[in-house]
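Residue-level listing of the chains:
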Amino acid sequence: MARSMQILLEPSEFPKQWYNLNADLPSPLQPPLGPDGNPVSPEMLTPIFPMSLIEQEVSKERWIDIPEGILDILATYRPSPLHRAFALEEYLGTPAKIYYKNESVSPPGSHKPNTAIAQAWYNKQAGVKKLTTETGAGQWGSALAFACAHVGLECKVYMVRISYDQKPFRKVMMQTWGAECVASPSMETKTGRDVLERYPDTPGSLGIAISEAVETAVADTTGSTKYSLGSVLNHVMMHQTIIGLETKKQLKKAGERMPDVIIGCAGGGSNFAGLAFPFVYDKIHGASIDIIPVEPASCPTMTKGPYSYDLGDFSGMTPLLPMHTLGHTFVPPPIHAGGLRYHGIAPLISQAIVEGLVNPRSIHQLECYSAAVTFARTEGIIVAPETSHAVAAAIQEANKAKEAGKETVIVFNLSGHGLMDLKGYEAYFGGELADYELPQSEIDATLQTLEGYPKPEVRRTGKW
Ligand SMILES: *Cc1c(COP(=O)(O)O)cnc(C)c1O
């Protein structure tokens, strides 16, 4: 009899509500600010987002009902399986029990459709005809293209130049789902033209691509084009919490108590938040859990970036957000984990870091690829380069458990598969990849851009 590797849920066990951490943070989140330093009112966001999503962005309700129409689309690939990583455990010789939540089973191959579907659906309800967005590695662009095809919206994607060149098949996926995809910076927007004039060979950045997508949405004065962001914002974190809510039910089915360690890789922070926030709730209420967002050492937003107000994009189309940041002009080195090349991190995660509720970690690229290869040769799944950061941290924790001789329960989020990212693996096997430690001087240089901005209060209860 084979061991039970997968813990599945019945469709009837699917969560019917999202969890909103904003209701439970011990110290409240600080508001986004406009260019004048005053808090941004919900009305000011209406040129880019529909009111339903703006309301979710500022909501303090703990539970928010998921509309039937969204549940129906999510049901095409959810609930997703939780796996017990027996083969990896055996290979590592660890007493730890390792579980991973497999978000790679969605048609676009990552967790991102969980919010893309919700955002496309709310926009459709609001009478919107077209969504614009940016994409790093192409995962978000393809997720939004997929969601727009489901609900019947047009979709335009600005894809960061380096990924556009490294991952041409992501573009084809977007086209297949009916979206238009252009490389960013592009000649189609003022931001794009300005950047190209100054830096014709730039690899691009998420910050630049966001500026282009927002500019395009705002330029349609009829209001029928809106913008959609795949991470960072409160409502995006909330849409992803179905990951953690399902995981809790699955751990219970597997006969587990509360896990000891929760891990997710973090770019803007949404897949990490999706798994972690329902457990942050338990930590706030007394559970002892080590909750770890993992980032690349070459883009060390959480571990080296100060907590500051900063722009969400390159050219100031977005409000100032309170977050850990490397400065909005920061263009990270062209590592293969394109989805983790963002200068900031979600305000909700930043506040949880300030409180000590979550403990960020950074890991170098080579250790991540090595972990991903070990994972593929034991568990079978070829993970995305982003996800390899979570795998590497899970292996670090499993090795710690071995040294301590403890049966630690480790859960990590397998945010996506890497079948569209094999160029990175090829470069790894060819010995072409190197670790890249960002010099402090480079960090200091872009941090200077923060100097004129208001400083958020550092609010912490001191309990963690
Ligand atoms: C986009 C992406 C990430 C990073 O984004 P978050 O918002 O931090 O989750 C991580 N893993 C995969 C597979 C992705 O596609």
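Residues numbered from 1 in each chain as written. Predicted model: local features only at pLDDT ≥ 70, side-chain atom pairs only at ≥ 80, totals over all residues.

### Let's talk about the sheet that holds strand β14 (residues 361-363)
- The sheet built from seven strands is open, its strands ordered β1-β4-β5-β15-β10-β11-β14 with mixed pairing. What marks the edges here is a single partner per strand, and that holds for β1 (6-7) and β14.
- Of the strands in this sheet, β5 (97-102), β10 (261-265), β11 (290-296) and β15 (409-414) are in contact with helix α12 (residues 270-284), which crosses β10 at around 155 degrees. (Pairing = 2+ DSSP bridges. Helix = DSSP H or I, 4+ residues; strand = E, 2+ residues; numbered from the N terminus. Contact = placed C-beta atoms within 7 Å. Axes fitted to C-alpha atoms, helices over the stretch in contact; angles between N-to-C directions.)

### Some words on the domain arrangement of the protein
- Taken domain by domain, the protein comprises domain 1 (6-14 + 68-109 + 235-436) and domain 2 (48-64 + 112-231).
- Across the boundary between the two partners, domain 1 contributes 38 residues, which contact 41 residues of domain 2.
- Mapped onto the side of domain 1 that touches domain 2, the elements with two or more residues apiece are α2 (68-74), α10 (234-239) and α12.
- Looking at the side of domain 1 that touches domain 2 residue by residue, the classes come out as 16 nonpolar, 18 polar and four charged. (Domains from an automatic or database assignment. Nonpolar A, V, L, I, M, F, W, Y, C, P; charged D, E, K, R; others polar.)

### Quick notes on the site of the ligand
- Lining the immediate surroundings of the ligand are 21 residues, of which Gln139, Ser231, Gly267, Gly339 and Gly416 lie closest.
- For the shell around the ligand, the secondary-structure elements that each account for two or more residues are α5 (139-151) and α12.
- Here the shell around the ligand gets three residues from one element, more than from any other, and that element is α12.
- Its residues assigned to classes, the shell around the ligand shows seven nonpolar, 12 polar and two charged. (Near = placed C-beta within 6 Å.)

### A word on the packing of helix α4 (residues 113-125) against α5
- Put simply, α4 and α5 touch, their axes get as near as 8 Å, and they point 40 degrees apart. Taken together, the axes of α4 and α5 lie oblique to each other. As α4 packs across α5, the resulting crossing turns out to be right-handed. Each of Pro113, Ala116, Ile117, Ala120, Trp121 and Lys124 in α4 lies in contact with α5, whose residues at this interface are Ala143, Leu144, Phe146, Ala147, Cys148, His150 and Val151.
- Here the contact of α4 with α5 is composed, by residue class, of 11 nonpolar, one polar and one charged. (Parallel < 35°, antiparallel > 145°, perpendicular 65-115°, else oblique. Left-handed = near helix turned anticlockwise from the far one by under 90°.)

### A look at the environment of Met420
- Structurally, Met420 is set in the loop between β15 and α17 (422-429).
- Look past the residues within four positions of Met420 in its chain and what remains in contact with it is Gly109, Gly138, Lys167, Phe169 and Arg170.

### Thoughts on unusual backbone geometry
- Along the chain, Arg78 connects to Pro79 via a cis peptide bond; the corresponding omega equals -5 degrees.
- Among the secondary structure elements, Pro79 is positioned in the loop between α2 and β4 (82-84).
- Residue Pro185 follows Ser184 across a cis peptide bond; omega there is 5 degrees.
- Following the sequence through the fold, Pro185 ends up in the loop between β8 (180-184) and α8 (190-198).
- Its identity as a non-glycine residue notwithstanding, Val232 has a phi of 70 degrees, on the positive side.
- For Val232, a count of 25 C-beta atoms within 10 Å puts it in the buried group. (Buried ≥ 20, exposed ≤ 12 C-beta atoms within 10 Å, placed from the backbone.)

### Quick word on the pairing of β10
- The buried fraction of β10 amounts to five of the five residues, a majority that puts the element mostly inside the structure.
- Relative to β11, β10 runs parallel, the two sharing five bridges. Bridge pairing in β11 links Ile262 to Ile291.
- Where the polypeptide runs from β10 across α12 and back to β11, its parallel neighbour, the crossover connection is right-handed. (Right-handed = clockwise from strand over helix to strand, strands pointing away.)

### Regarding the sheet that holds β8
- Spatial ordering of the open sheet is given by β8-β7-β6-β9, a layout of four strands whose pairing is parallel. Looking at which strands have only one partner, the edges of the open sheet turn out to be β8 and β9 (225-227). Taking the axes of each pair of neighbouring strands and ignoring which way they run, one obtains an average angle of 25 degrees across the sheet.
- Two strands pair when backbone bridges link them, and strand β6 (residues 130-135) and strand β7 (residues 154-160) are joined in this way by six bridges, in the parallel orientation. Its bridge partner being in β7, Leu131 is matched across the sheet by Cys155.
- Packing of helix α9 (residues 206-219) onto the sheet brings it into contact with β6, β7, β8 and β9, and relative to β6 it is tilted by some 170 degrees.

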